Amino acid sequence: MRKDIHETNRLSWNLATAAHNSHKGDQAKFLRGGGSTLFPEDLEMLGDIVGKRVVHLQCNAGPDSLSLAALGAIVTGVDISDEAIDYARRLSADSRIPAEFVRSDVYDWFDEAIARGDQFDRVFVSYGALIWLSDIRGWAEGVAGVLAPGGAIGLVEFHPVGLMYNEKGERDWPYFSHGEPQSDGEGIGDYVAFSGDGLVPWGYEEGVTDFVNPIPSSEFLWGIGDVVTALIDAGLVLETLREYPYSNGTPRMVDSVEGPGRRFYVPEGQPNLPQLYALRARKPA
């Protein structure tokens, strides 16, 4: 496990999150009015969550966690970024949607939660979470450790094949990294600015412009086989595995074509490409 990289990434995320949140305007009003930042794929993988204990791992700044809570779940959000958790707590108060938010490296949180005997009916993981994990097997064991018997993980994630291509549609990342960190020497960028209304449908604001992150980040590339096998080896039973030719909320390439439901497809004239995948795996009762 590369805690040193986790820590550098935390610092990079703090700066990036401040830039991201500058574009979001009155997100609390959107949530108070019944708005949701969730997509159909998220809800399909989670199933019925009314009254269920849900932990949202790597929850970022909280809108998805609060959207789950608004549906009747009892939600805990966990993220390594101080800036993200501070924002999530304010958003919870301002939207009047209750949820607990914890600032922690997810591996440390697993250890502490398991030691306390905390158990959850659902674990939710979504959109750009797995590339920040330096130990996929340790993560899967942690997920299994906090799931109650009969509970399930719902995962919706960017497809590792799609991640091999940059914003210009050029191939610049490998599929297999064998646990070795990947870095282009740049920090986490302002993907909210790149996505615009795709991620801020209630009204994108210009906010911070020309953001450049001075703290380089490093990522870890996990193939679908890595993720599924890690969950199975941790004792979970795979129930659903789906792949999608679109990205939710954010275009992966500059010439992406937006379809209904804020789904972004590869540019016209190009062969389709898997951009998302989703799975549900359950802990035996």
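Structure shown above.
Residues numbered from 1 in each chain as written. Predicted model: local features only at pLDDT ≥ 70, side-chain atom pairs only at ≥ 80, totals over all residues. Heavy atoms only, no water.

Right, let's get into the packing of helix α7 (residues 136–146) against helix α9 (residues 224–233). With their axes 8 Å apart at the nearest point, α7 and α9 run at an angle of 45° to one another. The angle between α7 and α9 places the two elements in the oblique class. Of the two possible hands of crossing, α7 and α9 adopt the one that is right-handed. Facing α7, whose interface residues are Ile136, Arg137, Trp139 and Ala140, α9 presents Asp226, Val227, Ala230, Leu231 and Asp233. Counted by class, the contact of α7 with α9 contains six nonpolar, no polar and three charged residues. (Axes fitted to C-alpha atoms, helices over the stretch in contact; angles between N-to-C directions. Helix = DSSP H or I, 4+ residues; strand = E, 2+ residues; numbered from the N terminus. Parallel < 35°, antiparallel > 145°, perpendicular 65-115°, else oblique. Left-handed = near helix turned anticlockwise from the far one by under 90°. Contact = heavy atoms within 4.5 Å. Nonpolar A, V, L, I, M, F, W, Y, C, P; charged D, E, K, R; others polar.)

Attention shifts here to the sheet that holds strand β8 (residues 257–259). The sheet built from three strands is open, its strands ordered β7-β9-β8 with antiparallel pairing. The sheet is open, and its two borders are formed by β7 (247–248) and β8, each paired with just one other strand. Taken together, the two bridges between β7 and strand β9 (residues 263–265) define a ladder with antiparallel strand orientation. The residue bridging Asn248 from the neighbouring strand is Arg263, located in β9. (Pairing = 2+ DSSP bridges.)

Counting through the fold element by element, Glu186 comes out in the loop between β5 (147–158) and α8 (191–195). In this structure Glu186 comes out as exposed when scored by relative accessible area, which is 51%. For Glu186 and Val156, which are 30 residues apart along the polypeptide, the C-alpha to C-alpha distance reads 25 Å. (Buried < 20%, exposed > 50% of the residue type's maximum accessible area, 1.4 Å probe, protein only.)

Turning our eyes to something else, we now look at the packing of aromatic side chains. Evaluation of the coordinates by the stated rule reveals ten aromatic pairs. Centroid distance Trp13 to Tyr191: 6.4 Å. Interplanar angle 75°. Geometry classified as edge-to-face. Here Tyr191 lies in helix α8 and Trp13 lies in helix α1 (residues 3–21), a separation of 178 residues in the sequence. An aromatic cluster is defined as three or more aromatic residues linked by ring pairs; in this entry it consists of Trp13, Trp132 and Tyr191. (Phe/Tyr/Trp six-rings, centres within 6.5 Å; stacked < 30°, edge-to-face > 60°.)

Moving on: the pattern of salt bridges. Under the defined criterion, the tally for this structure stands at twelve salt bridges. Notably, a salt bridge pairs Arg10 with Glu7, separated by 2.5 Å at the nearest N-O pair. Of the two residues, Arg10 and Glu7 are both situated in helix α1; the distance of three residues between them amounts to about one turn of the helix. With relative accessibility at 15%, the residue Arg10 sits in the buried group. In this structure, a network of salt bridges that share partners links the residues Glu7, Arg10, Asp82 and Arg103. (Salt bridge = Lys/Arg side-chain N within 4 Å of Asp/Glu carboxyl O.)

Right, let's talk about a negative patch on the surface for a bit. Together, Glu170, Asp172, Asp184 and Glu186 make up a region of like negative charge exposed at the surface. Topologically, Glu170 is positioned in the loop between β5 and α8. The exposure class assigned to Glu170 is partly exposed, which follows from its relative accessible area of 42%. (Patch = residues over 30% accessible without salt bridge, like charges linked within 9 Å, V, L, I, M, F, W, Y side chains within 5 Å. Areas by Shrake-Rupley, 256 points an atom, 1.4 Å probe, with all protein chains shown as cover. Lys, Arg positive; Asp, Glu negative; His and termini not counted. Charge placed at Lys NZ, Arg CZ, Asp CG, Glu CD.)

Taken together, Ile232, Leu238 and Leu241 make up a surface patch of nonpolar side chains, about 240 Å² in accessible area. Inspection of the secondary structure puts Ile232 in helix α9. Ile232 sits in the partly exposed class, given a relative accessible area of 43%.

Geometry only, nothing functional implied.
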